[in-house]
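Commentary on secondary and tertiary structure
Residues per chain are reported as follows:
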Amino acid sequence: KPIIFLKKNRKGQFYLIAAIVIISVVIGFAVISNSPKKNIPVKLYDLKQELGIESANILEYGTYNELDETEMRALLQNFVTEYVAYAGTGRNLYFVFGNSGKIVIMAYQNLVNESASVNVGSGNIPLIIDGSMQEFIPEGNDVIIKIEENKYKFKLKAGENFYFVISEAIEGEIYVVQSD
């Protein structure tokens, strides 16, 4: 003879199922209200990829056309100036380009005023943040851009180099991307 559980107490089963449904709904609301309210700033990461591709194309163009150092510097300066206009306001942008013999740094701050310096082997040198070209002669293969307390290290490779750091404030938080 089969055993039938709780045959006489269907009212208790109803309350048990109702309690499980209510608990599930409450937990669902708690999970939704505790989830992050914003996504990672996709546009900033898109700019990183875009700038990486475009700068590689510019360097390739200059190399293919056998531009001398002055022409290559003018090409990169023009590229940076146009890119800053394209990127818009609300971002701080720092660009490093050149070779192991001489590098140029251009820095723009549209976000917040940050202290920034460069170390090319002889200690920290403050950066001028007005978009002008600042030339440095590296004492090794490492270039370190220090923005506030954060350091961004770049390795100079043979030939022409192009590196960048971009920061953007979104809802009170600062997000930073840098070239690889």
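Look up: the structure comes first, before these words.
Counting from 1, residues in each chain are numbered in the order their sequence is written. The predicted origin of the model limits local features to residues at a pLDDT of at least 70 and limits the giving and counting of side-chain atom pairs to 80 or more, whereas totals for whole chains, interfaces and linings rest on all residues. Only hydrogens and water are removed before side-chain values are computed, so all heavy atoms of the structure are retained for them.

Once that is clear, we can look at the sheet that holds strand S7 (residues 150-155). The strands making up a sheet are joined through hydrogen bonds of the backbone, oriented either antiparallel or parallel. Here, any two strands with at least 2 DSSP bridges between them count as paired. Secondary structure elements follow DSSP: runs of H or I of four or more residues count as helices, runs of E of two or more count as strands, with numbering from the N terminus. Overall, antiparallel pairing links the 4 strands, which are arranged S4-S3-S6-S7 in an open sheet. A single partner strand is all that each edge strand has here, and the edge strands are strand S4 (124-126) and S7. On average, each strand axis in the sheet is tilted by 25° relative to the strand beside it, whichever way the strands run. In this sheet, S7 lies alongside strand S6 (residues 142-147) in antiparallel orientation, the contact comprising 6 bridges. Among the inter-strand pairings, Ile145 is bridged to a residue of S7, identified as Tyr152. Fitted lines through C-alpha atoms give the axes, limited to the stretch in contact for helices. The angle between two N-to-C directions lies from 0 to 180 degrees.

Think of it this way: a Phe, Tyr or Trp ring, Trp meaning its six-membered ring, pairs with another when their centres are within 6.5 Å, and the plane angle makes it stacked under 30 degrees, edge-to-face over 60, tilted otherwise. Considering all chains together, one arrives at 7 aromatic pairs under this definition. When the ring of Phe79 is compared with that of Tyr83, the centres are 6.2 Å apart and the planes differ by 35°; the resulting orientation is tilted. Taken as a pair, Phe79 and Tyr83 lie in helix H3 (residues 69-87) at a separation of 4 residues, close to a single helical turn. One exposure class covers both Phe79 and Tyr83, and it is buried. An angle of 20° between the planes, with centres 4.9 Å apart, marks the rings of Phe154 and Tyr163 as stacked. Residue Tyr163 is classed as buried on the basis of its relative accessible area of 5%. Among the aromatic residues, ring-to-ring pairing joins Phe79, Tyr83, Tyr86, Phe95, Phe97, Tyr108 and Phe162 into one connected group. When accessible area is computed with a 1.4 Å probe and restricted to protein chains, residues below 20% of their type maximum are described as buried, those above 50% as exposed, and intermediate ones as partly exposed.

Moving on, we get to the nonpolar core. Only buried residues count toward a nonpolar core, which is a set of Ala, Val, Leu, Ile, Met, Phe, Trp, Tyr and Cys residues joined through side-chain atoms within 4.5 Å. Core analysis: the largest hydrophobic core is formed by 25 residues, its most contacted members being Leu51, Val80, Leu93, Phe95 and Phe162. Those elements giving two or more residues to this core turn out to be helix H2 (42-64), H3, strand S1 (91-98), strand S2 (103-109), strand S8 (161-170) and strand S9 (173-178). With 8 residues, H3 is the largest single contributor of residues to this core. Leave out the neighbours within four places in its chain, and Leu93 touches Tyr83, Val84, Ala87, Met106, Ala107, Tyr108, Asn110, Val165 and Ile166. By size, the runner-up hydrophobic cluster in this structure holds 18 residues, among which are Val96, Ala116, Val143 and Ile147. Any two residues having at least one pair of non-hydrogen atoms within 4.5 Å are treated as being in contact.

The antiparallel open sheet is built from 5 strands, whose spatial order is S5-S2-S1-S8-S9. Where the open sheet ends on each side, the last strands, each with one partner, are strand S5 (134-136) and S9. With strand direction ignored, the average angle separating the axes of adjacent strands in the sheet is 15°. Judged from the 8 bridges that link them, S1 and S8 form a sheet pairing that is antiparallel.

With that settled, the discussion passes to unusual backbone geometry. Residue Glu66 is not a glycine yet carries a positive backbone phi of 50°. Considering the arrangement of structural elements, one finds Glu66 in the loop between H2 and H3. The residue Glu148 is not glycine, and still its phi comes out positive at about 55°. Topologically, Glu148 is positioned in the loop between S6 and S7. Classification of Glu148 as partly exposed rests on a relative accessible area of 36%.

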